[in-house]
Amino acid sequence: MSEDNVVIRLENVSKTFTIRDKVSGNLLEKSWAFASGGNKRRIEAVKNINLEVKKGEFLGIVGANGCGKSTLIHLMTGVYKPDKGGIASIDGTYIRLSLGLGFNGQLTARENIYLNGSVMGVKISELNKNFRKIIEFAELQKFVNTKLKYFSRGMRARLAFAVAVHAEADIILMDEFFGGVGDERFKARSDEIFQKAFVNGRTIVHVSHNMRTIKQYADRVVLLHEGECRGIGSPDEILDLYRETIKVRRLSMREE
Amino acid sequence: MAQGLAARIYTIIPENNRLERIWLLAKTDFKIQYSSSALGVIWAFVYPLMRILIYYVVFSFVFAKDIPNYGFYIFSGIMIWMYFQEATKGGLKVIRSKRYLLENIRFNKLDVYYSSILTNLIGFLVNISVFLAMMIITGLPITWKLIYYPIFIINLMMLCLGISLILSTINVYLKDISQLWELVLLLMFWINPIFFAKQKIFNMFPALLYANPLAGIIINSRDVIMYGKDPDWFLVGYNYVLAGSILAIGVWSFNKFFHKAIEKI
């Protein structure tokens, strides 16, 4: 680990996707489009981001839909490779939490806990010890041997969060994870965990529309707008800026 | 220098729970394959046996008395074949089927390939035990030459790992590879000495013995397990070199293209 305790580092990171649109028309038109690349489009999802996340920091990421938040998370974890010239590195074990992903619907809660934990690097003997705690935290005592495909979104979210917390990932990246799920009780408990995470030196990156959580816990917030970083700073500062960009955007849309 | 060496050793020696994890992934996949059916894991026994029985009945009509112990002849070939077919087909799809882990958690991504190769090994070992049990029941002699058998299992696993890595990379750019691979499998099924006596194919097309990485494995493994003969050591060496080269190409393509694969699924 570097001496300044930076666990995630992004330098001049951009990400461009090349996509092909589906061509309608006859076979000749289709093959022409394929050969000439006429249906190709380049989409700059993230543009020139410089960012460092320190160990134990709670970083919030806000921005309108489609501004590149999820792409940025994928760049942080190294699942996406940045365009030439950019450097992205992450130091430590991580888990990305997002709704609907992370579990196999064909497996039971028990099997998913063991599989996810093991893939994260936790020994099975450790998981045996923590298994009850995970189930209790997720409040799924009655569904230990139920296949995940029968779980509601809220139940999946609880399970994923419980695994992430107990498998002791160094870095937890949450991608709209609490988007409308979890009742008040669960929210209160995750609040508790957010507070504890600081104590344990866990790093959290939190993409959210939930301003309350960001305001309450984030040390720093990043505002993304159309792939660009519009500002990094304290929650109050950035949330004000965010409200303004939304206003400007609405106005410009009206003018068009 | 010292750091580079340390990094190299780190990649060779598994970190704390790596082997455990690969095995858990493999075991879980094996369970998923059968968990939705009513008979469950019993299918792992029943399916290959029924398949062999069907081939046996059909082909006994076609090549009446060409080969003695024809049932065992087919069985010894087909169990290698089934492993090859299932492992490469599974490997081709592994990025998609393991996406839910690859995208969210940090771990050595090669592990999903290892586990995919291991998953099918479970079924293969079941087949081998059934084969040996049937040999004992029917009174065919099992000789000490059987100790050579693992040589061919390892060769086969190397081959399947290499092919999985290559196919899954191609699959990123060309989805049609899964249909194409089905056709290649169909062709390979008929040019390998699974049903035919090996002389029948290789006297006509001697090049096929060397062009096709599976033929030598089938011939040698059959000699060892069924006939109690020594393997053809030249062919063993040749097949290891071939599988090793395919594996090297696979690892190279994995290192070069894997990150693109995840972006495109």
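Details of the structure are given in the entry above.
Residues numbered from 1 in each chain as written. Chains lettered and ligands numbered in written order. Predicted model: local features only at pLDDT ≥ 70, side-chain atom pairs only at ≥ 80, totals over all residues. Heavy atoms only, no water.

Colleague: Lay out the overall build of chain A in plain terms, naming residues and giving numbers.
Modeller: Scanning chain A from terminus to terminus reveals 8 helices and 9 strands. Here chain A, with 256 residues, has 50% of them falling under the buried criterion. In chain A, the proportion of contacts linking residues at least 24 apart, taken out of those at least 6 apart, comes to 70%. When the accessible surface of chain A is summed, it comes to about 12900 Å², and 49% of that surface belongs to carbon and sulfur atoms. Looking at charge distribution, chain A has the averaged site of its 40 positive side-chain charges lying 7 Å from that of its 31 negative ones. (Helix = DSSP H or I, 4+ residues; strand = E, 2+ residues; numbered from the N terminus. Buried < 20%, exposed > 50% of the residue type's maximum accessible area, 1.4 Å probe, protein only. Contact = heavy atoms within 4.5 Å. Areas by Shrake-Rupley, 256 points an atom, 1.4 Å probe, with all protein chains shown as cover. Lys, Arg positive; Asp, Glu negative; His and termini not counted. Charge placed at Lys NZ, Arg CZ, Asp CG, Glu CD.)

Colleague: Pulling in residues and values, what's your account of the sheet that holds strand β4 (residues 87-90) of chain A?
Modeller: Working definition: the strands of a sheet are paired by backbone hydrogen bonds and lie parallel or antiparallel to each other. All names here are of chain A. One open sheet holds the 3 strands; their spatial order is β2-β1-β4, and the pairing between them is antiparallel. Of all strands in the sheet, those bounded by a partner on one side alone are β2 (40-54) and β4. On average, adjacent strands in this sheet sit at an angle of 30 degrees to one another, irrespective of strand direction. Examined bridge by bridge, strand β1 (residues 6-20) and β2 share 11 bridges and lie antiparallel to one another. Across the sheet, residue I8 finds its bridge partner in β2, namely V53. The strands touched by helix α2 (residues 69-77) are β1, β2 and β4; relative to β1, the strand with the most contacts, the crossing angle is about 120 degrees. (Pairing = 2+ DSSP bridges. Axes fitted to C-alpha atoms, helices over the stretch in contact; angles between N-to-C directions.)

Colleague: Describe the pattern of salt bridges, and please don't skip the residues or the numbers.
Modeller: Tallied over the entire structure, the rule returns 17 salt bridges over all chains. Linking R99(B) and E103(B) is a salt bridge whose minimum nitrogen-to-oxygen distance equals 3.5 Å. Overall, the relative accessible area of 4% leaves E103(B) in the buried class. The network of salt bridges with shared partners includes R96(A), D175(A), R99(B) and E103(B). (Salt bridge = Lys/Arg side-chain N within 4 Å of Asp/Glu carboxyl O.)

Colleague: An account of the sheet that holds strand β6 (residues 171-175) of chain A is needed here, citing residue identities and associated values.
Modeller: Residue and element names in this part refer to chain A. The mixed open sheet is built from 6 strands, whose spatial order is β5-β6-β7-β3-β8-β9. Only two strands of the sheet have a single neighbouring strand rather than two, namely β5 (94-98) and β9 (228-233). Adjacent strand axes in the sheet meet at a mean angle of 15 degrees, parallel and antiparallel pairs treated alike. For strand β3 (residues 58-62) and strand β8 (residues 220-225), the ladder comprises 4 bridges, and the chain directions are parallel. In the sheet register, G60 faces β8, and the bridge partner there is V221. Lying on the sheet, α2 is in contact with β3, β5, β6, β7 (203-207) and β8; it crosses β3 at an angle near 145 degrees.

Colleague: Account for the nonpolar core, with residues named and values stated.
Modeller: Counting 148 residues, the largest nonpolar core has M76(A), I78(B), F84(B), Y113(B) and F124(B) as the members making the most contacts within it. Looking at which element gives the most residues to this core, the answer is helix α4 (residues 70-92) of chain B, with 14 residues. Ignoring sequence-local partners within four residues, the contact set of F124(B) consists of M79(B), I80(B), Y83(B), Y149(B), I153(B) and L156(B). Formed by 9 residues, the second largest nonpolar core is a distinct cluster that contains I191(B), F196(B), I201(B) and A215(B). (Core = buried A, V, L, I, M, F, W, Y, C linked by side-chain atoms within 4.5 Å.)

Colleague: I'd like to hear about the packing of α4(B) against helix α8 (residues 149-173) of chain B, residue by residue, with values.
Modeller: Residues and elements named next belong to chain B. Two elements in contact, α4 and α8, have axes separated by 8 Å at closest approach and are oriented at 30 degrees. Overall, the two elements α4 and α8 adopt an arrangement that is roughly parallel. Note on packing geometry: the crossing formed by α4 with α8 is right-handed. Side by side, α4 and α8 meet where M79, I80, Y83, F84, A87, T88, G91 and L92 of the first sit next to Y149, L156, M157, L159, C160, I163, S164, L167, S168 and N171 of the second. Grouping the amino acids of the contact of α4 with α8 by side-chain chemistry returns 13 nonpolar, 5 polar and no charged. (Parallel < 35°, antiparallel > 145°, perpendicular 65-115°, else oblique. Left-handed = near helix turned anticlockwise from the far one by under 90°. Nonpolar A, V, L, I, M, F, W, Y, C, P; charged D, E, K, R; others polar.)

Colleague: Which residues make up the packing of aromatic side chains, and what are the values?
Modeller: Residues and elements named next belong to chain B. Evaluation of the coordinates by the stated rule reveals 26 aromatic pairs over all chains. For the ring pair F84 and W181, a centre distance of 6.3 Å and an interplane angle of 50 degrees mean the geometry is tilted. With a gap of 97 residues between them, F84 in helix α4 and W181 in helix α9 (residues 177-191) connect regions that are remote in the sequence. For the pair F84 and W181, one class covers both residues: buried. Seen in terms of ring centroids, W252 and F257 are 6.2 Å apart; in terms of plane orientation they differ by 85 degrees. Their pairing is edge-to-face. On the basis of relative accessible area, W252 is assigned to the exposed category, the value being 51%. Under the relative-accessibility criterion, F257 is labelled partly exposed at 26%. These aromatic residues form a ring-pair network of at least three members: Y55, W81, F84, W181, F189, W190 and F195. (Phe/Tyr/Trp six-rings, centres within 6.5 Å; stacked < 30°, edge-to-face > 60°.)

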